[in-house]
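# Survey of secondary and tertiary structure
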Amino acid sequence: MKRKITRKGPSVPQHNVEKGKPWLILGISFIILITFIAIFASFRSGPGRAIYIGETPFLEGTIDLTKEESVTFTFPATTATKNISINTSLETYDENPQLYEFNFTQLDIYTYTFDIFDKDRIKLAQDILSNYGDITLIHLNLDDPFADLEVSLANGKITVKNLHYLSSDYSFINFTNSSNQPYPLIIRLNKSQSINGTIRATSTSPPLITTNLGTLDLAEEHLEDNYTQVNFTYTAPAESTAQVLDIKATVQSQDTHAYYTFAVGNVVYALNETKFPQITLTSTDGITGNLTIIFNANQFLQPFALPCTLDDSTVDALFTGTNVDKVYTYDTNAEVWSQGAPINELTDFELFGGYFIKLKTATATKINTTCTLDKITPHNIPSFGTTIESQPLNDGWNLLSLPGITPRPLTDFTTATNLTFYQCEENYLCTVYTGSLNPGKPYWVKGPSTTLTYQIE
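Below or above, wherever it landed, is the structure these notes cover. All of these numbers come straight from a predicted model, not from anything done at the bench. (Residues numbered from 1 in each chain as written. Predicted model: local features only at pLDDT ≥ 70, side-chain atom pairs only at ≥ 80, totals over all residues. Heavy atoms only, no water.)

### Things to note about the overall build of the chain
What the chain contains, in helices and strands, is three helices and 35 strands. Sequence separation of 24 or more characterises 59% of the internal contacts of the chain that already satisfy a separation of 6 or more. For the chain, the exposed surface amounts to about 24400 Å²; the carbon and sulfur share of it is 51%. (Helix = DSSP H or I, 4+ residues; strand = E, 2+ residues; numbered from the N terminus. Contact = heavy atoms within 4.5 Å. Areas by Shrake-Rupley, 256 points an atom, 1.4 Å probe, with all protein chains shown as cover.)

### Some points on unusual backbone geometry
Even without a glycine there, the phi angle at S192 is positive, about 70°. Its relative accessible area of 42% is what places S192 among the partly exposed residues. (Buried < 20%, exposed > 50% of the residue type's maximum accessible area, 1.4 Å probe, protein only.)

### Considering the pattern of salt bridges
Side chains carrying opposite charge are able to pair once their charged atoms draw close together. For the coordinates displayed, the defined rule picks out six salt bridges. Here D115 makes a salt bridge to K123, at a shortest N to O gap of 3.4 Å. The partly exposed category is assigned to K123, whose relative accessible area is 41%. (Salt bridge = Lys/Arg side-chain N within 4 Å of Asp/Glu carboxyl O.)

### A short note on the pairing of strand β25 (residues 324-331)
Regular strands show a simple pattern: their side chains alternate between the two faces of the sheet. Alignment of β25 against strand β27 (residues 355-359), held across four bridges, turns out to be antiparallel. Paired with K326 across the two strands is K358, which belongs to β27. Of the strand pairs in this sheet, β25 and strand β26 (residues 333-338) are connected by six bridges, and their pairing is antiparallel. Bridging across to β26, Y330 finds its partner in A334. Hairpin connection between β25 and β26: a loop of one residue separates the two successive antiparallel strands, and T332 in this loop has a positive phi of roughly 70°. (Pairing = 2+ DSSP bridges.)

### Points about the sheet that holds strand β19 (residues 254-264)
In a beta sheet, neighbouring strands are held together by backbone hydrogen bonds and run either parallel or antiparallel to one another. If you walk across this open sheet you meet the four strands as β13-β19-β18-β15, and the pairing is mixed. Single-partner strands in this sheet number two, and they are β13 (186-189) and β15 (208-211). If you compare each strand with its neighbour and ignore which way they point, the axes differ by 25° on average. Pairing of β15 with strand β18 (residues 241-251) involves four bridges; the strand directions are antiparallel. (Axes fitted to C-alpha atoms, helices over the stretch in contact; angles between N-to-C directions.)

### Some words on the sheet that holds strand β6 (residues 98-108)
With mixed pairing, the five strands of this open sheet are ordered in space as β3-β5-β6-β7-β8. Of all the strands in the sheet, just β3 (62-64) and β8 (123-130) have a single pairing partner and so form its edges. Strand-to-strand twist in this sheet, taken as the mean axis angle between neighbours without regard to direction, amounts to 25°. In this structure, β3 lies alongside strand β5 (residues 82-88), joined through three bridges in parallel fashion. Its bridge partner lying in β5, I63 is registered against I86.

### What about the environment of Q252?
Within the element layout of this structure, Q252 appears in the loop between β18 and β19. Expressed as a C-alpha distance, the spacing of Q252 and Y170, which sit 82 residues apart in the sequence, is 9.9 Å.

### Some details on the nonpolar core
Within the largest apolar cluster, 29 residues are counted, with the highest numbers of intra-cluster contacts made by F304 and F319. Elements with a minimum of two residues in this core: β20 (267-271), β21 (278-282), β22 (288-295), α3 (315-319), β25, β27 and β28 (365-372). Each residue touching F319, except ones within four places of it in the same chain, is listed here: F295, F304, V324, V327, W337, Q339, F349, I357 and I367. Grouped together as the second largest cluster of nonpolar side chains are 23 residues, F73, L90, Y100 and F102 included. (Core = buried A, V, L, I, M, F, W, Y, C linked by side-chain atoms within 4.5 Å.)

### Here we look at the state of the cysteines
Inspection of every chain in the model, using the stated rule, returns two disulfides. Covalently, C424 is tied to C430 through a disulfide, its sulfur atoms 1.9 Å apart. The S-S bond linking C424 to C430 shows a torsion near 105°; that makes this disulfide right-handed. On the basis of relative accessible area, C430 is assigned to the partly exposed category, the value being 32%. The connectivity of the disulfides in the chain is 1-2, 3-4, where the numbers refer to bonded cysteines in sequence order. (Disulfide = S-S within 2.5 Å.)

Geometry only, nothing functional implied.
Here it is, written out as structure tokens:
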């Protein structure tokens, strides 16, 4: 908040001017100038007014990052250390957030150093930030592998972000069977089989629950505990297929999704959309699968991604001797596999990889192979007996796909929010895309460099 200060000095009699007394006028002007400078300096650098949150002076108190996701500071050009108290959480659903003291010191016009202390004045972290979009991830809790805070410096402003923050309108969704046991992400059904279940969504107020499949019957809307509960009924189709159940809980303008796959007749994944290859994945044990791919009868670029990990991950093993002429991917630069070439830039299919296929002739091309079903879980969902894996995203353009068979938003795997997505149909018709990523489809992603973190079970 900028304040305009105006001060008026004593009036000067006109006859004094006419009598030629410039020293009096100069003295009065000097007094006015000194008074104005003193008032302005007091406003700009008085106690508690040197730090700004946006354009608002920060006077005193504790900043609560359990209620706000992040805070951005503007510091004055001074080498004095600024101390700030911040309350933040150590996990997504943390009932006992902790207080920390942040000490920021400007080293020069491009660089800051900071220290973080706990309530007992034990130093937990320290680092240096440069004014070129520098980002530091902070681990306040050493008992888990997940970062708790992100501290960044850009354009002369320091931002502290709580990586466990959930929007106040985010919903927690439970889908249980008649025995009140949670349904697995893959629900196996016989043809024409019917099932019943209960969906409960909890948030800051009772959410509105909708689904893309089945029928809903409102069971309870509990205002005191802020949840909605509905009875869900679904009947499987009469043929083998896989259908994705999208449960959506809405509070105000915030939508939260939970996805489940109905595997009918052992089909655990199916992509049956026009302008995409037809992909079917069957499995009897939920571990190994039979993958069938049918490329459309044209010579356009066809988008392609794998919903499982091939037993032999080389491109040669899948496409040598078939009607596939070229396979394109992108990792900083374009990479190509060509049928019959002695040496290829692209040699293997990668986890999170996205591809485009071109056929030699406009003939429908069917390919069968075997693969392993990997359960990919986000970094923010604790698991046992697994290790944290990472996948870098480059600054600029990335061509990627979502592993597994269940749709998810990419934000489940990264703290980055300023990403733009494009979905491409065959003939390379690409449009801006919002929403969860669907397995079996590649996406162009544009944004700053970041890292996807995940677990494979």
